[in-house]
Amino acid sequence: MLRIVLLLLTNLSVMIVFGVVLSFTGIQSSSVAAFMTMVGLFGFGGSCVSLLMSKCIALRTVGGEVIDKPRNETECWLVHTVSQQAQQANVAMPQVAIYHALDINAFATGACRDASLVAVSTGLLHNMSRDEAEAVIAHEISHIANGDMVTMTLIQGVVNVCVIFLSRLLAQLSAGFMSSVSENVENGNGSQLLYCISMVLELVFGILASIITLWFSRTREFYADAGSARLVGRDKMIAALQHLKISYEPQTASNMIALCIHGRRHNAVSELFMSHPTLEKRIDALRSRAYLK
């Protein structure tokens, strides 16, 4: 609840600040109101809708099946493990789902700590030991306990608003300046110029914004690893990460990687654009107890 209140207050604060900035640009008040409404809807609105629909979207994306009543020993163990760890972490029992995939993975999502979902792949259940699987589940429970879903939405909303606001504002100022120095820019051409400049700026600012959100995502992985170490033991979490190091590349494409146990293996892409730290760094952080405080 505190994070949701923070989300709303931050949204309001950002909009007020941007509204004040716009009031000094000479734009009419009616235009300012319309502009800020657009910024709010496309910035925070999109992030909030994604968060509220995250469980449904996640299950549809991976073809997950929620376990209403365990049908075998593996499902009984999974539900019992999630329930036990949720009690330890002081969060409400999440929904538990299994999805069919060869890759060893799991993810957590949901609009709040007490209405969340933990989904585990069949590849994880079939290829990891129970101790390693416990550590992976504890990692996802820690994401829930830390409120990472709402916090990620807060950060994504703020950066979305900044991207839209700055790109449109700078585009208007640039188009206005270019129109004032060029007598050949007519209304139609001016509108096209504004659109083109805005699109280019949104692309540039969008890349910079993604660096911020991905940095936060990598940081939260260290804290989730530490949370898992506190719940089930540091050695189990290290063993799970070491198992991931020698596992095969994920075989199924999935967009639900923000709060997974791991993403795709690191390749030529810069670490700035990785959603997860390298497994080596995560193991080293656990061994050095960097986040175990």
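To keep things clear, this report deals only with the structure shown in the data block. (Residues numbered from 1 in each chain as written. Predicted model: local features only at pLDDT ≥ 70, side-chain atom pairs only at ≥ 80, totals over all residues. Heavy atoms only, no water.)

Scanning the protein for helices and strands turns up 10 helices and four strands. Listing every helix and strand of the protein by position from the N terminus yields α-α-α-β-α-β-β-β-α-α-α-α-α-α. Going through the 293 residues of the protein one by one, you find that 45% of them count as buried. Surface summary for the protein: the accessible area is close to 15,000 Å², and the carbon and sulfur share equals 61%. (Helix = DSSP H or I, 4+ residues; strand = E, 2+ residues; numbered from the N terminus. Buried < 20%, exposed > 50% of the residue type's maximum accessible area, 1.4 Å probe, protein only. Areas by Shrake-Rupley, 256 points an atom, 1.4 Å probe, with all protein chains shown as cover.)

This paragraph deals with the sheet that holds strand E3 (residues 106–112). Strand order in the open sheet formed by four strands is E1-E2-E4-E3, with mixed pairing between adjacent strands. If you trace the sheet from one side to the other, it starts and ends with strand E1 (65–66) and E3, each paired once. Pairing geometry for E3 and strand E4 (residues 115–121), over six bridges, is antiparallel. By the bridge assignment, Gly110 is partnered in E4 with Ser116. The strands touched by helix H3 (residues 54–62) within the sheet are E1, strand E2 (95–99), E3 and E4, with E3 carrying the most contacts at an inclination of about 155°. Sitting on the sheet, helix H6 (residues 130–145) touches E3 and E4, and the angle it makes with E4 is about 155°. (Pairing = 2+ DSSP bridges. Contact = heavy atoms within 4.5 Å. Axes fitted to C-alpha atoms, helices over the stretch in contact; angles between N-to-C directions.)

On to the side chain of Glu132, then. The residue Glu132 is located in helix H6 in this model. The side chain of Glu132 sits in the buried core without any salt bridge; Arg130 is the nearest counter-charge, 10 Å away. Sequence-distant contacts of Glu132, that is, excluding residues within four places in its chain, are made with Lys236, Ala239, Ala240 and His243. (Lys, Arg positive; Asp, Glu negative; His and termini not counted. Salt bridge = Lys/Arg side-chain N within 4 Å of Asp/Glu carboxyl O.)

Here we come to the pairing of E3. A regular strand carries its side chains on alternate faces of the sheet. Burial of E3 is extensive: five of the seven residues sit out of reach of the surface. Hairpin geometry of E3 and E4 is characterised by an intervening segment of two residues between the two adjacent antiparallel strands.

Counting buried residues in E2 gives four out of five residues, a clear majority hidden from the surface. Across two bridges, the pairing between E1 and E2 is antiparallel. Opposite Glu65, over in E2, you have Ile98 as the bridge partner. Where E2 meets E4, five bridges bridge the pair, whose relative direction is parallel. By the bridge assignment, Tyr99 is partnered in E4 with Ser121.

This part covers helix H9 (residues 234–246). Taking 1.5 Å per residue as the helical rise, H9 with its 13 residues ought to reach 18 Å, and the 19 Å between its terminal C-alpha atoms agrees with that figure. Where H9 is concerned, the buried positions are Met237, Ile238, Ala240, Leu241, His243 and Leu244. (Expected span 1.5 Å × (residues − 1).)

Note on placement: Ser210 falls in helix H8 (residues 187–232). According to the relative accessible area criterion, Ser210 is partly exposed, its value standing at 23%. Spatially, the C-alpha atom of Ser210 lies 9.7 Å from that of Ser275, the residues being 65 residues apart in sequence.

Now for the packing of H6 against H9. At a closest axis distance of 8 Å, the pairing of H6 and H9 adopts a crossing angle of 100°. For the element pair H6 / H9, the angle class is roughly perpendicular. Contacts between H6 and H9 involve Asp131, Glu132, Glu134, Ala135, Val136 and His139 from the former and Lys236, Met237, Ala239, Ala240 and His243 from the latter. Split into classes, the residues belonging to the contact of H6 with H9 amount to five nonpolar, two polar and four charged. (Parallel < 35°, antiparallel > 145°, perpendicular 65-115°, else oblique. Nonpolar A, V, L, I, M, F, W, Y, C, P; charged D, E, K, R; others polar.)

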